[in-house]
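Overview (structure and organization)
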Amino acid sequence: MAVKVKSFAAIESEFNAFVGAIVYATMVTVDARNRPRTRVLIPIWENVDGAPLGWLATYRTPVKAAHIANNPHTNFSYWTQGNDSVAIDTVAAWVDDLPAKSHVWDLYKRTSPRGAGYDLGNFWRSPADPKLHVLRLTPWRIQVIRGMDLRSRIWQAA
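Read on for a plain summary of the structure. (Residues numbered from 1 in each chain as written. Predicted model: local features only at pLDDT ≥ 70, side-chain atom pairs only at ≥ 80, totals over all residues. Heavy atoms only, no water.)

1. Side note on the environment of A92
What counts here: Only DSSP runs of H or I with at least four residues qualify as helices, and only runs of E with at least two residues qualify as strands; both kinds are numbered from the N terminus onward. In this description, contact between two residues means that some pair of their heavy atoms is separated by no more than 4.5 Å.
Inspection of the secondary structure puts A92 in strand 7 (residues 85-95). Separated by 19 residues in the primary sequence, A92 and H73 place their C-alpha atoms 6.3 Å from one another. Apart from residues lying up to four places away in sequence, A92 is in contact with I68, P72, T74, L135, R136 and L137.

This is the structure:
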């Protein structure tokens, strides 16, 4: 049975531990005919004023751009063999300003949470690289499930 928590702080340490250990998430978007599409990516997460906020450094592919333009609701799912898992429901929006891209560049480099992330310089020249695109991921629901006993806790935005 899932328990709802009132604040992100109630699940943040477990969220950070699982995401930092698992690293890769399956991202789900839907097309104009409501058919899902998945891809495996590495988003990063931070706490801003007590609320989770995610970022995804990515290529703005025609499929991904069309899906998000049609329906910005996305889902990210993390899972490991011990059945520890995290499901994050978000609203995604493209962010093109250089200060945000520089912030994301730094978050990826230091890994956020610890363990998640990588050096974006392996794929892009700098935060100003026109091929680097960033999605801001605003979570509205996060579920963390501990595999050893299937304890499930859910945070939802107010």
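2. Observations regarding the packing of aromatic side chains
The description of an aromatic ring pair uses the distance of the two centres, along with the angle that the planes make with each other. Inclusion rule: Paired rings are identified among Phe, Tyr and Trp, the last through its six-membered ring, by centres lying within 6.5 Å, and are further divided according to the angle between planes into stacked (under 30 degrees), edge-to-face (over 60) and tilted (the rest). Relative accessibility under 20% of the residue-type maximum defines a buried residue, over 50% an exposed one, and the middle range a partly exposed one, all with a 1.4 Å probe and only protein chains included.
Considering all chains together, one arrives at eight aromatic pairs under this definition. On the numbers, 5.3 Å between centres and 70° between planes, the contact of Y108 with Y118 is edge-to-face. Taken together, the residues Y108 in helix 3 (residues 98-110) and Y118 in the loop between helix 3 and strand 8 (133-146) connect sequence positions 10 residues apart. Taking the relative accessible area as the measure of exposure, Y108 reaches 0% and is therefore buried. Ring centres of F123 and W124 lie 5.9 Å apart, and the angle between their planes is 50°; on these two criteria the pair is classed as tilted. Through a chain of ring-to-ring contacts, the aromatic side chains of F8, F15, W45, F76 and W155 assemble into a single cluster.

3. Quick notes on the side chain of T29
Basically, it comes down to this: Two N or O atoms count as a polar contact when they lie within 3.5 Å, although within protein this holds only if one can serve as hydrogen donor and the other as acceptor, and sequence-adjacent residues are included solely when both atoms are side-chain atoms.
Among the structural elements, T29 can be located in strand 2 (residues 25-30). By relative accessible area, which is 1% here, T29 ends up buried. Within the structure, the side chain of T29 is placed 2.9 Å from the side chain of R39, a separation counted as a polar contact. Within the structure, the side chain of T29 is placed 2.7 Å from the side chain of H67, a separation counted as a polar contact. In this view, T29 contacts R35, P36, R37, R39, H67, I68 and T74; residues no more than four positions away in its chain are not counted.

4. Re the pattern of salt bridges
What counts is decided by this rule: By definition, a salt bridge exists where a carboxyl oxygen of Asp or Glu is found within 4 Å of a side-chain nitrogen of Lys or Arg.
Inspection of every chain in the model, using the stated rule, returns seven salt bridges. The salt bridge partner of R60 is D96, with a shortest N-O separation of 3.6 Å. With R60 in the loop between strand 5 (51-58) and helix 2 (62-70) and D96 in the loop between strand 7 and helix 3, this residue pair connects regions lying 36 residues apart in the sequence. Classification of R60 by relative accessible area gives partly exposed; the value is 35%. Note on D96: relative accessible area 48%, which makes it partly exposed. Linked by salt bridges that have partners in common, E14, R151 and R153 make up one network.

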